[in-house]
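Descriptive analysis of the structure
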Amino acid sequence: MSIWWSLHLRREAASVPLARRLLIGTMETAGVDPDISYDLSVALTEACANAVEHGGDAAPGASQAYRVTAYLDGEKCRIEVADSGPGLPRAQDFRPTRADAEHGRGLCLIQELTDHVHIGAKPGLGGTVVSFDKILKWTKDPSLLTA
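Residue indices follow the written sequence of each chain, beginning from 1 at its first position. Note on the predicted model: pLDDT of at least 70 is required for a residue's local features to be given, and 80 or more for side-chain atom pairs to be given and counted; whole-chain, interface and lining totals, by contrast, use all residues. Excluding hydrogens and water, the side-chain values take into account all heavy atoms of the structure.

1. Points about the packing of helix 2 (residues 34-54) against helix 3 (residues 106-113)
Think of each axis as a best-fit line through the C-alpha atoms, taken over the contacting stretch in the case of a helix, with angles from 0 to 180 degrees between the N-to-C directions. Numbering of helices and strands runs from the N terminus, with a helix taken as a DSSP run of H or I at least four residues long and a strand as a DSSP run of E at least two residues long. Packing of helix 2 against helix 3 brings their axes to within 9 Å, and their N-to-C directions diverge by 155 degrees. Judged on the interaxial angle alone, helix 3 and helix 2 are roughly antiparallel. Here helix 2 runs over helix 3; the crossing is left-handed. Residue-level contacts link Asp-39, Val-42, Ala-43, Glu-46, Ala-47 and Asn-50 of helix 2 to Gly-106, Leu-107, Leu-109, Ile-110 and Leu-113 of helix 3. Three classes are used, and their members are as follows: Ala, Val, Leu, Ile, Met, Phe, Trp, Tyr, Cys and Pro are nonpolar, Asp, Glu, Lys and Arg are charged, and the others, Gly among them, are polar. Of the residues contributing to the contact of helix 2 with helix 3, the split by class is seven nonpolar, two polar and two charged. Comment on the angle field: the value is read as roughly parallel under 35 degrees, roughly antiparallel over 145, roughly perpendicular from 65 to 115, and oblique elsewhere. By convention, the crossing between two helices is left-handed when the near helix turns anticlockwise from the far helix through less than a right angle, and right-handed when the turn is clockwise. Contact definition: two residues touch when any of their heavy atoms are within 4.5 Å.

2. Focus: the pairing of strand 2 (residues 65-73)
Pairing between two strands requires that DSSP report at least two bridges joining them. Pairing between strand 1 (residues 2-10) and strand 2: nine bridges, direction antiparallel. Each residue of the ladder has a partner; that of Ser-6, found in strand 2, is Thr-69. Pairing of strand 2 with strand 3 (residues 76-82), which is carried by seven bridges, proceeds in the antiparallel orientation. Within strand 3, the position partnered with Tyr-71 by the bridge is Arg-78. The loop that links strand 2 with its antiparallel partner strand 3 comprises two residues; one of these, Gly-74, has a positive phi angle of about 65 degrees.

3. Re the confidence of the model for the protein chain
The predicted model of the protein chain has a mean per-residue pLDDT of 84, with 77% of residues at 70 or higher. No element of the protein chain has a lower mean pLDDT than helix 4 (residues 143-146), which averages 52, and none a higher one than strand 3, which averages 97. Think of pLDDT as the predictor's per-residue confidence, scored from 0 to 100.

4. Digging into the packing of helix 1 (residues 15-30) against helix 2
For the pair helix 1 and helix 2, interaxial distance at closest approach is 9 Å and the crossing angle is 155 degrees. Classed by the angle they form, the pair helix 1 and helix 2 counts as roughly antiparallel. The two elements helix 1 and helix 2 cross, and the hand of that crossing is right-handed. In this structure, helix 1 uses Ser-15, Val-16, Ala-19, Arg-20, Leu-23, Ile-24 and Met-27 to contact helix 2, whose residues at the interface are Ser-37, Tyr-38, Leu-40, Ser-41, Val-42, Leu-44, Thr-45, Cys-48, Ala-49 and Val-52. Looking at side-chain class alone, the contact of helix 1 with helix 2 contains twelve nonpolar, four polar and one charged residues.

5. Quick word on the sheet that holds strand 3
A sheet is described by the order of its strands in space; here five strands give the open sequence 1-2-3-5-4, paired in antiparallel fashion. Two strands close off the open sheet at either side, each with one partner strand: strand 1 and strand 4 (116-121). Adjacent strand axes in the sheet meet at a mean angle of 10 degrees when their direction is disregarded. With six bridges connecting them, strand 4 and strand 5 (residues 128-135) associate as antiparallel partners. Bridged to Val-117 within strand 5 is Phe-132. Sitting on the sheet, helix 2 is in contact with strand 2, strand 3 and strand 5, with an inclination near 175 degrees to strand 5. Strand contacts of helix 3: strand 4 and strand 5, with the helix running at about 25 degrees to strand 5, the strand carrying the most contacts.

Shown next, in the form of structure tokens:
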């Protein structure tokens, strides 16, 4: 089975739970194991929150949106979150922060919850793309297959 969707969202806090609920609903309908679904939804929440907080520029004409794309293909789910912000520092500059820190844990959490993470520059006009994937496990009775 192969499912994909893409959202173009405003950089507002209310967009984060919308993306999360769509991902959870898609995975539940496809029959993905709830623990895998939860891990991916937390990782997506962190990536979207980063795009909302850091993914734009206050300059006139700058994009106030970001894009989320999810692919469930075979045994893997890949998620991409792309923004139009100033970009990120070099990847080696990301280190785990203190456990009680309120900021700076998102990318480390994404790395812990998924199988592979790539953080890079958005092709073209700048910005950042955070992509991550995870091998899927399935429930015995996926509702999409029994309908």
